[in-house]
Amino acid sequence: MLSYRHSFHAGNHADVLKHTVQSLIIEALKEKEKPFLYLDTHAGAGRYQLSGEHAERTGEYLEGIARLWQCDDIPETLTPYLDAVKAFNPGGQLRYYPGSPLIARHLLRPQDKLQLTELHPSDYPLLRGEFSKDKRAMVSRGDGYQQLKAKLPPVSRRGLILIDPPYEIKTDYQAVVQGISDGYKRFATGVYALWYPVVLRQQIKRMIHELEETGIRRILQIELAVRPDSDQRGMSASGMIVINPPWKLEQQMAELLPWLHARLVPEGIGHTRLEWIVPE
Ligand code: SAM
């Protein structure tokens, strides 16, 4: 079943949180000259037209990236992320939203590499087209979880692994833990960033419990809720679970989360969370 299309959700509050964290990790990895690998297991189509039929139908970006677009008090740590979005909107009008692979492409250096996987028959050719001229990138169609076994450790022994499944099948909540465990056995020093939606809190509690059971240490949880937890349909919050976060990330997010929450949720409901699931 591959009914999920990210084009309906591109630029929403969850993308803003995800891509903020992604950008901060990439910027931290760039502090050393040595190259690194950016591995994206569920890469999506790459570029999303916000005036397109899908994005217009849900209007989710209006309560996401559009709320930051006109802000004139942007914190400095958000600049790499927002500069990447601006690069796709040269006229200044918000028309396109870059997904995680294009944000990475914008931020990575000539010496770094990208490994991108997408399974959807419509999104994969779009993604491949975006990277046809980029010699740093390998784009493949297949199961992203397999890449955590096949492509790790990277030759450079440095890397960010973004795991961002659609969770349209319930087994994704277990598959992500198994995938991280498989990857970590091969590459324990990598930075792993797992995105999750809060639809039913119980699913996330179980997933986190299973992650704790793996014995992996240094696991940071970053969450932003736009509504209180609920058993009604729909996503009330989203989060990033980061294994081996760069040392500055916790402090950066401690400053950014309240700012992001205030801008994304002017009604003031929901919450933010920043805590170690497993410390050092
Ligand atoms: N990471 C993207 C971004 O931030 O711009 C968004 C990815 S979207 C949430 C999830 C993507 O995973 C969808 O494009 C979907 O087609 C794809 N997908 C679903 N199952 C997959 C699998 N087993 N392996 C790789 N991709 C998969």
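Predicted model only: the values in this text are computed from it and were never measured.

1. Considering the overall build of the chain
Part 1 of the argument: For the chain, the count of helices and strands is ten helices and ten strands.
Part 2 of the argument: The C-alpha extent of the chain, read off along each of the three principal axes, is 45 × 40 × 40 Å.
Part 3 of the argument: Counting every position in the chain, which comprises 280 residues, the buried fraction comes to 56%.
Part 4 of the argument: In the chain, the share of contacts with a sequence separation of at least 24, taken over all contacts with a separation of at least 6, comes to 77%.
Part 5 of the argument: Side chains of the chain give 35 positive and 34 negative charges; the mean places of these two sets differ by 6 Å.

2. A word on helix 1 (residues 13–29)
What sets the pattern is the α-helix's 3.6 residues per turn: residues three or four places apart point alike.
Part 1 of the argument: Compared with an ideal rise of 1.5 Å per residue, which puts 17 residues at 24 Å, helix 1 spans 25 Å between its outermost C-alpha atoms and is within 8% of the ideal.
Part 2 of the argument: Burial of helix 1 is extensive: 16 of the 17 residues sit out of reach of the surface.

3. Examining the UniProt feature "active site" (unreviewed entry) in the chain
Part 1 of the argument: Taking the UniProt record as the reference, the feature "active site" (unreviewed entry) is found at Asp164.
Part 2 of the argument: Relative to the assigned elements, Asp164 resides in the loop between strand 6 (159–163) and helix 8 (172–186).
Part 3 of the argument: Residues contacting Asp164, with those up to four places away along its chain left out, are Lys18, Thr41, His42 and Trp195.
Part 4 of the argument: Within the structure, Asp164 has its side chain in polar contact with the side chain of Lys18 (distance 2.8 Å).

Reading guide: rules and limits
- In this numbering scheme, every chain counts its residues from 1 along its sequence in written order.
- Owing to the predicted nature of the model, reporting of local features is limited to residues with pLDDT of at least 70; listing and counting of side-chain atom pairs is limited to 80 or more, with chain, interface and lining totals taken over all residues.
- Note that water and hydrogens are dropped before the side-chain values are worked out from all heavy atoms of the structure.
- Note on conventions: DSSP H or I runs of at least 4 residues are helices, E runs of at least 2 residues are strands, and numbering of each starts at the N terminus.
- A simple rule labels every residue: compare its accessible area, found with a 1.4 Å probe on the protein chains alone, to the largest value its type can have, and call it buried under 20%, exposed over 50%, or partly exposed in between.
- Residues are treated as being in contact if the distance between any of their heavy atoms lies within 4.5 Å.
- Charge assignment in this entry is limited to Lys and Arg as positive and Asp and Glu as negative, and neither His nor the chain termini are counted.
- The atom standing in for a charge is NZ when the residue is Lys, CZ when it is Arg, CG when it is Asp and CD when it is Glu.
- Given the number of residues in a helix, its expected span is that number minus one, multiplied by 1.5 Å.
- UniProt positions are given in the numbering used here, feature names are shortened, and annotations may be inferred rather than shown by experiment.
- N or O atoms closer than or at 3.5 Å make up a polar contact, with two conditions inside protein: a donor-capable atom paired with an acceptor-capable one, and, for residues adjacent in sequence, both atoms drawn from side chains.

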